[in-house]
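Read off the chains here:
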Amino acid sequence: MRQRKSFRFFSSNGRYATLIIITLFIGILSACTKQSTTQTLKTFTSPELGKHVGNKLSVKTGETWFAGEDYRNFKLTGEALTSPDAEASLRFHTDGQSGYEITFRNGAIDGTRKTGSLAAVRNLYRSLAEDGKWFRFEVAVRGKNITVAINDTTVVCYTEPDQPYRTEMYANRLLSHGQLAFCGIQGEVTFRDLRVTRLNDKARNKYDTLPPVDEQNDAVIRLQQQNFPVIDYHVHLKGGLTKEMAQAMSMNYGIQYGVAPNAGEGGVGRMLANDKEVYEYYNEVKDMPFLRGVQGEGRRWTSTFSQEALGVFDYLFTDAMTIVDHKGRLSRIYRPEEVHYDDITHEQYMDHLVDQTVKILTNEPADIYANPTYLPEDMQKDYATYWTDERINRVLDVLEKHHIALEINARYRIPSLDIIRKAKERGIKFTFGTNNVDANFGRLEYSLEAVEQCGLTADDMWFPSMSVRRERQVVIYNSFE
Ligand SMILES: [Zn+2]
């Protein structure tokens, strides 16, 4: 049902009419389904191991088990069970090598692709399933559209464009028709209750309403093909962006989203005010196909929230866009009316801003320095002059010392490529982030440009499995009245 919900927003007007149409479609779809027969997969054949008969299939490293017949449009449902570090894949439209591949692998968010990924085309980095617990999955092909659902939540909705982009390695990762194959990659993964329904050649996913991406001109698919993680860790559900819209956009663009509320005060949009609200919010989003982040907002958040409550999130970030200025005033430097130079020069103000940044990153345990090196509006045109090597080094020192990742911010196009190169040289890790204000935001253009320009590799990227913030001490270094 979540799949249906997630696409409803595309009907911009005539909501009632849309609801009626959706209801009609559901009626028609179930009528069609009744005519097609569902087959339970009970016989599996392996070129090396022979035949296996049964409702359950355990797949081990290096094994390939074929099942079913030749399918074009189909729906496959089943359950899977993984052990720690185990990985298997399900190939479809395959002769053994060709076709697409769905990943089955759970565990920590460490940069490996996870359960439900349409491997090398729509990689996912957080699994909605756990090791040691049976979980449901569904894979469907209707025309050019492929959907994958894990525990009833749609995690992939990919439409193969007319001219797909594929590297030589993945040249045959395309829709055609073919068999199903279960392939063991590492350890052991068990499947059971596999049922396949052959769908009519004309079957279409009515909820796939966003235009397919033009892959000939898309940077994301190129990184997907290299298995380079494309994650936007800094997405806010604000300005009309709902969970369902974020889910649909993320699946369409091929960018995994990390959705984060702001915890604290003074920011824009919804703010979490206390631990109770933190847990409530967390429960709201925990089963959505996003990474779960939180942003410490304002400068009081470290005393407002417990480390335990904020610890439930996959990651935490903060920025230095709210500072205590040289006269002790809390100042949001993204608001020109709150930036007061008074009797000091811009150079002195800059020194103070760097002091504040260092204090924030030293005393507030964040995983990621977001909106990094942001300057008040009237100083931005001289960014390179203000960010001297000495100042850059002071900030990079503290990132290095506390294992804090540096966000490559797509909205503000910061930090500069020069700073990114210097950070890479020191082994500092990176994340991508947008910090959107509404539903209309880009596709990480600057971040992906930086990958290209600065030669970043997957090894340069940060993942929540590297987080050390829970072990860090919270220092209350400001005294507020
Ligand atoms: Zn933000």
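For every chain, the first residue of the written sequence is number 1, and numbering continues from 1 along that sequence. In keeping with the predicted nature of the model, local features appear solely for residues at pLDDT of at least 70, side-chain atom pairs appear and are counted solely at 80 or more, and the whole-chain, interface and lining totals rest on all residues.

(A) View of the pairing of strand 10 (residues 145–150). Counting buried positions over the six residues of strand 10 gives six, a clear majority of the element. Whether a residue is buried, exposed or partly exposed follows from its count of other C-beta atoms within 10 Å of its own C-beta, namely 20 or more, 12 or fewer, or something in between, respectively; the C-beta atoms are built from the backbone. Elements are defined by DSSP. Helices are runs of H or I of four residues or more, strands are runs of E of two residues or more, and each kind is numbered from the N terminus. Burial along strand 10 is two-sided: the face carrying Asn145, Thr147 and Ala149 and the face carrying Ile146, Val148 and Ile150 are both buried. The turn linking strand 9 (residues 135–142) back onto strand 10 is made up of two residues, and Gly143 within it adopts a positive phi angle of 65°. Two strands make a pair as long as DSSP finds a minimum of two bridges between them. Looking at chain direction, strand 10 and strand 11 (residues 153–159) are connected through six bridges and run antiparallel. Bridge pairing links Ile146 to Tyr158 in strand 11. Hairpin connection from strand 10 to strand 11: two residues lie between these consecutive antiparallel strands, with Asn151 at a positive phi of about 45°.

(B) Representation of the domain arrangement of the chain. When the domains of the chain are assigned, the result is domain 1 (7–20 + 39–213) and domain 2 (228–471). Residue ranges assigned to the domains are those given by an automatic or database domain assignment. For domain 1 and domain 2, the distance between their C-alpha centres works out to 34 Å. Grouping the amino acids of the side of domain 1 that touches domain 2 by side-chain chemistry returns twelve nonpolar, three polar and three charged. Each residue is assigned to one class: nonpolar for Ala, Val, Leu, Ile, Met, Phe, Trp, Tyr, Cys and Pro, charged for Asp, Glu, Lys and Arg, and polar for all the others, Gly among them.

(C) How the structure looks around the pairing of strand 2 (residues 43–46). Sheet topology note: the strand 2/strand 3 (residues 50–53) ladder contains four bridges and is antiparallel. Bridge pairing in strand 3 places Ser46 opposite Gly50. Hairpin remark: strand 2 followed by strand 3, antiparallel, with three residues in the connecting loop. Relative to strand 5 (residues 64–71), strand 2 runs antiparallel, the two being bridged by two bridges. Residue pairing in the sheet places Phe44 in a bridge with Ala67 of strand 5.

(D) Representation of the nonpolar core in the model. Ranked by internal contacts, the top residues of the largest apolar core, which has 115 residues, are Phe182 and Ile368. It is helix 8 (residues 346–363) that contributes the most residues to this core, six residues altogether. Mapped onto the domain boundaries, this core takes at least three residues apiece from domain 1 (7–20 + 39–213) and domain 2 (228–471). The contact criterion used here is simple: two residues whose C-beta atoms, placed from the backbone, lie within 7 Å are in contact. Sequence-distant contacts of Phe182, that is, excluding residues within four places in its chain, are made with Leu57, Val59, Trp65, Ala67, Ala88, Leu90 and Phe191. A set of buried Ala, Val, Leu, Ile, Met, Phe, Trp, Tyr and Cys residues, joined through C-beta atoms within 7 Å, is what we mean by a nonpolar core.

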